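What follows is each chain in one-letter form.
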Amino acid sequence: MDRLLKGKTVLVTGAAKRIGRSIALALAERGADVVITYLASQAEAEQTVHALAAHDVDALAIRCDLRNPEDIEQTVSTVINDFGRIDLLVNNAGIFASEALEEISADQWDAMFTTNTRAPFLMAQAAYAHLRAVKGRILNIGSLGGLHPWATHAHYCTSKAALHMLSQTMAKAWAPEISVNCIAPGMIVQGEVDEAYEHLARKTPMQRNGTADDVAAAAIFFATAPHFITGQLLAVDGGLGL
């Protein structure tokens, strides 16, 4: 494995498990020191740090409540104090929920936007000066739901659509010092077997759903691509990957 990211420090939110974990491991495989955040998944976070360190990199897990702006500021300060720099911020953490449109409460709506849209905005703001100093990168993890309306996921879809626009706005506002891109995964499965998943797979050109490794491959592309690639929204759907 080419260690193209050796000497770089990356921060991946919500990376104790699933897609975030796969992204963090792919970055570590390429030599990056990796900091992950978690909220309630301490045991999984510790296991992930152990797996990251096996790639001969420095790794750290920080408990961070992304609903709390002070936690976000403290997380970035800890990364700088312990590692001296941030080269790549991956805003991966998010929440997903289903609800009939007419039944979505104001609290449900606000909770979705607080984690899926406001947190990436605040994390990027907190890391801005440090990323700018090293001509760093931001990668936001959006969703196919931000591109296509899902009738029973209105608050989720809208929060991700807002994140897509935020990514493009960041890219324009912070160029050329910081490149900002976004990945919008579709149906991602990690070993689950369900007829609904199979039905969705049959509707895709590649006849399969995406995997966390597909998303991680897209993340590696943006982490190592020429710096002038910015403002791009890459949909990872139906196993198409890159």
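Residues numbered from 1 in each chain as written. Predicted model: local features only at pLDDT ≥ 70, side-chain atom pairs only at ≥ 80, totals over all residues. Heavy atoms only, no water.

Novice: I would appreciate a short explanation of the overall build of the protein in the present structure.
Specialist: For the protein, the helix and strand inventory stands at seven helices and seven strands. Helices and strands appear in the protein in the N-to-C order β-α-β-α-β-α-β-α-β-α-β-α-α-β. Counting all 242 residues of the protein, 50% fall into the buried class. Entry remark: accessible area of the protein is about 11400 Å², with carbon and sulfur atoms responsible for 53%. (Helix = DSSP H or I, 4+ residues; strand = E, 2+ residues; numbered from the N terminus. Buried < 20%, exposed > 50% of the residue type's maximum accessible area, 1.4 Å probe, protein only. Areas by Shrake-Rupley, 256 points an atom, 1.4 Å probe, with all protein chains shown as cover.)

Novice: I would appreciate a short explanation of the pattern of salt bridges in the present structure.
Specialist: Proximity of charged atoms lets side chains of opposite charge pair with each other. Inspection of every chain in the model, using the stated rule, returns four salt bridges. Glu 29 is the salt-bridge partner of Arg 30, the closest N and O atoms lying 3.6 Å from each other. The buried category is assigned to Arg 30, whose relative accessible area is 17%. The class of Glu 29 is partly exposed, set by a relative accessible area of 28%. (Salt bridge = Lys/Arg side-chain N within 4 Å of Asp/Glu carboxyl O.)

Novice: In this structure, what is going on with the sheet that holds strand β5 (residues 137–141)? I would like to understand it.
Specialist: Hydrogen bonds between backbone atoms are what pair the strands of a sheet, whose relative direction is either parallel or antiparallel. Reading across from one edge, β3-β2-β1-β4-β5-β6-β7 is the order of the seven strands in this open sheet, with parallel pairing throughout. Each of the sheet's edge strands pairs with one partner strand only, and the pair in question is β3 (59–63) and β7 (233–236). On average, each strand axis in the sheet is tilted by 15 degrees relative to the strand beside it, whichever way the strands run. Examined bridge by bridge, strand β1 (residues 9–12) and strand β2 (residues 33–38) share four bridges and lie parallel to one another. Pairing of Val 12 across the sheet is with Ile 36, part of β2. (Pairing = 2+ DSSP bridges. Axes fitted to C-alpha atoms, helices over the stretch in contact; angles between N-to-C directions.)

Novice: Would you mind going over empty space enclosed by the protein with me for this structure?
Specialist: Empty space among the atoms becomes apparent when a probe as large as a water molecule is rolled across them. Within the structure shown, the criterion is met by two cavities of 30 Å³ or more. Taken as a whole, the largest cavity spans an internal volume of roughly 40 Å³. For the lining of the largest cavity, the secondary structure elements donating two or more residues are α5 (154–174) and β6 (179–185). Space inside the second largest cavity adds up to approximately 30 Å³. Every residue lining the second largest cavity is listed: Leu 88, Arg 137, Ile 138, Leu 139, Ser 179, Val 180, Asn 181, Phe 222 and Ala 223. Per-class residue counts for the lining of the second largest cavity are six nonpolar, two polar and one charged. (1 Å grid on protein atoms, 1.4 Å probe; cavity = no way out; pocket = protein on both sides within 12 Å on 5 of 7 lines; lining within 4 Å. Points joined across faces, edges and corners; volume = space filled by probe spheres on them. Nonpolar A, V, L, I, M, F, W, Y, C, P; charged D, E, K, R; others polar.)

Novice: Sorry if this is basic, but what is going on with the nonpolar core here?
Specialist: The tendency in soluble globular proteins is for nonpolar side chains to be buried side by side. Residues Ile 23, Leu 27, Val 34 and Ile 183 are the most contacted members of the largest nonpolar core, which totals 36 residues. Secondary-structure elements contributing two or more residues to this core are β1, α1 (18–29), β2, α2 (42–53), β4 (88–91), β5 and α7 (212–224). Broken down by element, this core gets its largest block of residues, eight residues, from α7. Setting aside anything within four residues of it in sequence, one finds Leu 27 in contact with Leu 5, Val 10, Val 12, Ala 32, Val 34, Leu 88, Val 90, Ile 220 and Ala 223. Membership of the second largest hydrophobic core comes to 28 residues, among which are Leu 11, Leu 122, Ala 126 and Leu 166. (Core = buried A, V, L, I, M, F, W, Y, C linked by side-chain atoms within 4.5 Å. Contact = heavy atoms within 4.5 Å.)

Novice: Just to check I follow, could you spell out α1 for this structure?
Specialist: With twelve residues, α1 extends 17 Å between its outermost C-alpha atoms, agreeing within 8% with the 16 Å of an ideal straight helix rising 1.5 Å per residue. Among all positions of α1, only Ile 19, Gly 20, Ser 22, Ile 23, Ala 24, Leu 25, Ala 26, Leu 27 and Ala 28 are buried. Residues of α1 that are buried sit in contact with β1, β2, α2, β4, β5 and α7. The positive-phi residue at the C-terminal boundary of α1 is Gly 31, with phi of around 100 degrees. (Expected span 1.5 Å × (residues − 1).)

Novice: Explain the layout of surface pockets to me, please; I cannot follow it from the model alone.
Specialist: Counted as a void, the second largest pocket has a volume near 160 Å³. In terms of lining residues, the second largest pocket is bounded by 13 residues, among which Leu 5, Lys 8, Asp 87, Arg 137 and Ala 223 are the most central. Taken together, the residues of the lining of the second largest pocket break down into six nonpolar, three polar and four charged.

Novice: Could you clarify how one ought to interpret the side chain of Arg 137 in this entry?
Specialist: Here Arg 137 shows up in strand β5. Buried and without a salt bridge, Arg 137 has Asp 87 as its closest oppositely charged side chain, separated by 8.2 Å. At 2.8 Å, the side chain of Arg 137 and the backbone oxygen of Phe 222 are in polar contact. (Lys, Arg positive; Asp, Glu negative; His and termini not counted. Polar contact = N/O pair within 3.5 Å; in protein donor to acceptor, adjacent residues only side chain to side chain.)

Novice: I keep staring at the packing of helix α3 (residues 69–83) against helix α4 (residues 106–133) and nothing clicks. Help me out?
Specialist: If you want to describe how two helices pack, look at the angle between their axes and the distance between the axes. At a closest axis distance of 10 Å, the pairing of α3 and α4 adopts a crossing angle of 35 degrees. Where α3 crosses over α4, the two elements pack in a sense that is right-handed. Seen from α3, the contacting residues are Pro 69, Ile 72, Glu 73, Val 76 and Ile 80; seen from α4, they are Arg 118, Ala 119, Leu 122, Met 123, Ala 126, Ala 127 and His 130. When its residues are assigned to classes, the contact of α3 with α4 shows nine nonpolar, one polar and two charged. (Left-handed = near helix turned anticlockwise from the far one by under 90°.)

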